[in-house]
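One-letter residues, chain by chain:
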Amino acid sequence: MIYDYPKYYEAAFSFRDIAAETAFIAHAIDRYSAVPVERVLEIACGPAPHAGELIRRGYAYTGMDINSTMLEYAGIAWKHLKPEPTFFKANMVRFDSRFKADFVFVMLGSLYLNSIEEMQSHFDSVASALTPGGLYFLDCCIQFSDMMVPVHSNRVVTGDRDISIQSAFDIRLIDPARQIYEEIWRVDVDDNGKHHTFEMVEHNKAIYPQEFLLFINQHPAFDFVGWWEDWDFNRPITVGCNPTRPLALIRRV
Ligand SMILES: C[S@@+](CC[C@H](N)C(=O)[O-])C[C@H]1O[C@@H](n2cnc3c(N)ncnc32)[C@H](O)[C@@H]1O
């Protein structure tokens, strides 16, 4: 699977503006955190693309992921930073955070929860890792748009060093009662003339906006702060808009 080849994963997602995304995160902390933030914790960090920018801004960084290869790769890539980032292996569904954090975040829709029970235990785990008053930021984890619309079959071509990647997603609803979607992610890699193909099949429960609001409003450890579209605080998500990159913020009570 592509998560065992972190440099290909990085190339596939190299279209992101990591500095701008990190600036948005820092802005969210300045505006909405009720506590000063020293340590941030990224859920499903992968190669930890935001670690460099966050540490440059003065935060201590901890990343957690289920994949040992990703964790090893991130540890080596960011070893030179001060303070050196720390990483640990865990399943986001239920984890004992060895490191408490003042801010928790998950990027790029990487919230892999397959039932309401897993959702409950994930948010309980985050609540116990997070300092009261601290924020949990979720990038693209709430399903605002209709997954069945073919816009989800997209194609990204990106060149990174001598690697070029074509990535295509196909998503279909396989269990409506449990809101489970099957996502087939196919990645074709041309690494200096060597070709590799990866196909990943993931099953994931969609979290719909009203469900998320209800869940957070009923969770004793969190308050809903707000949600915005596409890295822009001037674009709060309101009735009638159709966000493609929803960013949500909740606060630990
Ligand atoms: C799309 S990548 C996101 C990586 C990184 N956050 C980024 O912004 O590029 C998703 C990551 O989630 C990790 N992952 C998948 N299921 C997980 C789980 N149950 N618990 C923790 N990490 C998980 C994968 O190993 C992979 O590194």
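Everything quoted here is computed from the prediction, not taken from an experiment.

Basis of the calculations
- Residues numbered from 1 in each chain as written.
- Predicted model: local features only at pLDDT ≥ 70, side-chain atom pairs only at ≥ 80, totals over all residues.
- Heavy atoms only, no water.
- Helix = DSSP H or I, 4+ residues; strand = E, 2+ residues; numbered from the N terminus.
- Rg over C-alpha atoms; globule rule 2.2 N^0.38 Å.
- Buried < 20%, exposed > 50% of the residue type's maximum accessible area, 1.4 Å probe, protein only.
- Contact = heavy atoms within 4.5 Å.
- Areas by Shrake-Rupley, 256 points an atom, 1.4 Å probe, with all protein chains shown as cover.
- Lys, Arg positive; Asp, Glu negative; His and termini not counted.
- Charge placed at Lys NZ, Arg CZ, Asp CG, Glu CD.
- Core = buried A, V, L, I, M, F, W, Y, C linked by side-chain atoms within 4.5 Å.
- Pairing = 2+ DSSP bridges.
- Right-handed = clockwise from strand over helix to strand, strands pointing away.
- Phe/Tyr/Trp six-rings, centres within 6.5 Å; stacked < 30°, edge-to-face > 60°.
- Lys NZ or Arg CZ within 6 Å of the ring centre and 35° of its normal.
- Near = heavy atom within 4 Å.
- Polar contact = N/O pair within 3.5 Å; in protein donor to acceptor, adjacent residues only side chain to side chain.
- Axes fitted to C-alpha atoms, helices over the stretch in contact; angles between N-to-C directions.
- Parallel < 35°, antiparallel > 145°, perpendicular 65-115°, else oblique.
- Left-handed = near helix turned anticlockwise from the far one by under 90°.
- Nonpolar A, V, L, I, M, F, W, Y, C, P; charged D, E, K, R; others polar.
- Arc of directions from axis to C-beta.

Peer 1: What is the right way to look at the overall build of the protein in this model?
Peer 2: Scanning the protein from N- to C-terminus turns up six helices and twelve strands. The globule rule puts the C-alpha radius of gyration for 253 residues at 18 Å, and the 18 Å found for the protein is close to it. C-alpha extents for the protein along the principal axes are approximately 55 × 45 × 35 Å. Considering the protein as a whole, with its 253 residues, one finds that 53% of them fall into the buried category. A fraction of 65% describes how many contacts in the protein between residues 6 or more apart in sequence connect residues 24 or more apart. Put simply, the protein shows about 12100 Å² of open surface, and 52% of that area lies on carbon and sulfur atoms. Distance between charge centres in the protein, computed from 23 positive and 34 negative side chains, equals 4 Å.

Peer 1: What am I meant to see in the nonpolar core here?
Peer 2: Among soluble globular proteins, nonpolar side chains are generally buried collectively. Counting 35 residues, the largest nonpolar core has Ile43, Phe123, Tyr136, Leu138, Phe212 and Phe222 as its most contacted members. Residues contacting leucine 138, with those up to four places away along its chain left out, are Val106, Leu111, Phe123, Phe212, Pro246, Leu247 and Ala248. Formed by 30 residues, the second largest nonpolar core is a distinct cluster that contains Ala51, Leu71, Phe137 and Leu247.

Peer 1: Quick question: what am I supposed to make of the pairing of strand E3 (residues 86-89) here?
Peer 2: It is a general feature of regular strands that their side chains alternate between the two faces of the sheet. Of the strand pairs in this sheet, strand E2 (residues 60-65) and E3 are connected by four bridges, and their pairing is parallel. Considered in E3, the bridge of glycine 63 is made with phenylalanine 87. Note on the crossover from E2 through helix H4 (residues 68-77) to E3: the handedness is right-handed.

Peer 1: It is not clear to me how the packing of aromatic side chains should be interpreted in this structure. Could you clarify?
Peer 2: A full pass over the atoms with the stated rule returns 26 aromatic pairs. With 5.9 Å between their ring centres and 50 degrees between their planes, phenylalanine 13 and phenylalanine 15 make a pair best called tilted. Accessibility expressed as a relative area gives 46% for phenylalanine 15, which makes it partly exposed. Here a set of aromatic residues connected by ring pairs shows up, and it is made of Phe123, Tyr136, Phe144, Phe212, Phe215, Phe222, Phe224 and Trp227. The positively charged end of arginine 31 is found above the aromatic ring belonging to phenylalanine 233, 4.6 Å away from the centroid.

Peer 1: So what exactly am I meant to see when it comes to the environment of glutamine 166 here?
Peer 2: If you trace the backbone, glutamine 166 turns up in strand E7 (residues 163-175). Among the residues examined, glutamine 166 registers a relative accessible area of 31% and is labelled partly exposed. Separated by 31 residues in the primary sequence, glutamine 166 and threonine 197 have C-alpha atoms spaced 9.6 Å apart.

Peer 1: Please explain the site of the ligand as it appears in this structure.
Peer 2: What surrounds the ligand is a group of 18 residues, the closest being Tyr9, Arg16, Glu42, Ala44 and Asp65. A distance of 3.4 Å separates a nitrogen atom of the ligand from a polar backbone atom of cysteine 45. Here asparagine 91 contributes a side-chain N or O atom positioned 2.9 Å from a nitrogen atom of the ligand. Look at the ligand: alone it shows 600 Å² of surface, and the protein chains cover 94% of it.

Peer 1: How should I be thinking about the packing of helix H5 (residues 116-129) against helix H6 (residues 209-218) in this particular structure?
Peer 2: Axis angle and axis distance: for two packed helices, these are the angle between their axes and the distance between the axes, and together they describe the pair. Two numbers describe how H5 lies on H6: the axes approach to 12 Å, and their chain directions differ by 50 degrees. Taken together, the axes of H5 and H6 are oblique relative to one another. Classified by chirality, the crossing of H6 by H5 is right-handed. On H6, the residues touching Ile116, Met119, Gln120 and Phe123 of H5 are Glu211, Phe212, Phe215 and Ile216. A class-by-class count of the residues in the contact of H5 with H6 yields six nonpolar, one polar and one charged.

Peer 1: Would you mind showing me how to read H4 here?
Peer 2: Since the α-helix advances by 3.6 residues per turn, residues separated by three or four positions end up pointing in the same direction. If you check which residues of H4 are buried, you get Met70, Leu71 and Ala74. Buried residues along H4 cover an arc of 95 degrees about the axis, so they all sit on one side. In this structure, H4 carries Glu72 and Ile76 as exposed residues pointing more than 90 degrees from its buried face. Contact partners of the buried residues in H4: helix H1 (6-12), E2 and E3. Where H4 begins, one side-chain oxygen reaches toward the backbone nitrogen of threonine 69, 2.8 Å away; that side chain belongs to asparagine 67.

Peer 1: Could you clarify how one ought to interpret the pairing of strand E4 (residues 101-106) in this entry?
Peer 2: Counting buried residues along E4, six of its six residues qualify, which places the element largely inside the surrounding structure. Where strand E1 (residues 39-43) lies against E4, four bridges are found, and the strand directions are parallel. In the sheet register, isoleucine 43 faces E4, and the bridge partner there is valine 106. Pairing geometry for E4 and strand E5 (residues 130-139), over five bridges, is parallel. Following the sheet pairing, alanine 101 is matched in E5 by leucine 130.

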